[in-house]
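Structural description and commentary
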Amino acid sequence: FTRRPLAIKCSIAIGGVPRDVYAVAMHTKSKFIGGGQRLWASNDFTKKLEFIRKAVANRRRLAAECVRVRTMIDKVIYKEEKNPMVMVCGDLNDGPGQDFFEQLFLLVNPIDLLLGSPFIRSKLLQALLIRRRWVPLQWQFSAEFSDYVDNISNKRVLLDHFMVSHALDAHVLVAGVAHDVFHQTSSGDTHSRQNRISDHVPVFCDISTSSSTNKLRTSKQQTIT
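Residues numbered from 1 in each chain as written. Predicted model: local features only at pLDDT ≥ 70, side-chain atom pairs only at ≥ 80, totals over all residues. Heavy atoms only, no water.

Turning our attention to the confidence of the model for the chain. When pLDDT is averaged along the chain, the result is 90; 90% of the residues meet or exceed 70. The lowest-confidence element of the chain is helix H7 (residues 214–224), averaging 55 in pLDDT; the highest-confidence one is strand E7 (residues 160–164), averaging 98. (pLDDT = per-residue confidence, 0-100. Helix = DSSP H or I, 4+ residues; strand = E, 2+ residues; numbered from the N terminus.)

So, in structure tokens, the structure goes:
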């Protein structure tokens, strides 16, 4: 791991009944390459090839980190419990869909590996911040930057995530990307990194310890809206 994940197991009361909850916080390998734009734009093919090799290596490292955490979830957590409460969260440095190098060389999106296999639906993790009832489609991003590979200025990507198991999903009241807080704490040009408290927009998730969350969830959604 570039940065070792933090994994915890704790006990909370759900409707007065003790339940174990497993949480993993991650900050995966960055795709960033120092001086990458210069290498990519170079007319020297060897320099462009150097950039491609570094880009693919970073994505392979990112994918390997996701696979290792997913393996731990399958071989440790799901071995302890058949229907555990699990959350994986953090800056995963990747979002929905495949970027240019993932399409051509890696052939997979790294965080898809973390969610689990669709052939074993009971163990699939659910990504919360792509749900339109909580985050409108146009606000489903947590970082914005210029993508010189795809030639997209101010590209919006969802790099920060909350992923939960089926058992914990039933207790999620609301989740979101706090764009309002981000802009309130930024000054001047929000595209300029030095004017922002972070280069990522904060994300949040509210979990209920009630045995029944449907009414609470409806109330919370109305409050957020």
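Our next topic: the sheet that holds strand E2 (residues 17–27). Reading across from one edge, E1-E2-E3-E7-E4 is the order of the five strands in this open sheet, with mixed pairing throughout. Each edge of the open sheet carries a strand with a single partner, namely strand E1 (6–14) and strand E4 (126–127). Sheet topology places strand E3 (residues 85–91) next to E7; five bridges connect them, and they run antiparallel. Bridge pairing in E7 links Met87 to Val164. Each of E1, E2 and E3 touches helix H2 (residues 45–80); the most contacted strand, E2, lies at about 170 degrees to it. (Pairing = 2+ DSSP bridges. Contact = heavy atoms within 4.5 Å. Axes fitted to C-alpha atoms, helices over the stretch in contact; angles between N-to-C directions.)

Relative to the helices and strands, Asp169 resides in helix H5 (residues 166–169). For Asp169, the side chain forms a polar contact with the side chain of Arg131, separated by 3.0 Å. (Polar contact = N/O pair within 3.5 Å; in protein donor to acceptor, adjacent residues only side chain to side chain.)

Moving on: unusual backbone geometry. Non-glycine residue Asn93 carries a positive phi angle of around 55 degrees. Secondary-structure assignment places Asn93 in the loop between E3 and helix H3 (100–106). The buried category is assigned to Asn93, whose relative accessible area is 11%. Positive phi outside glycine occurs at Leu107, with the angle close to 65 degrees. Relative to the helices and strands, Leu107 is located in the loop between H3 and helix H4 (110–115). (Buried < 20%, exposed > 50% of the residue type's maximum accessible area, 1.4 Å probe, protein only.)

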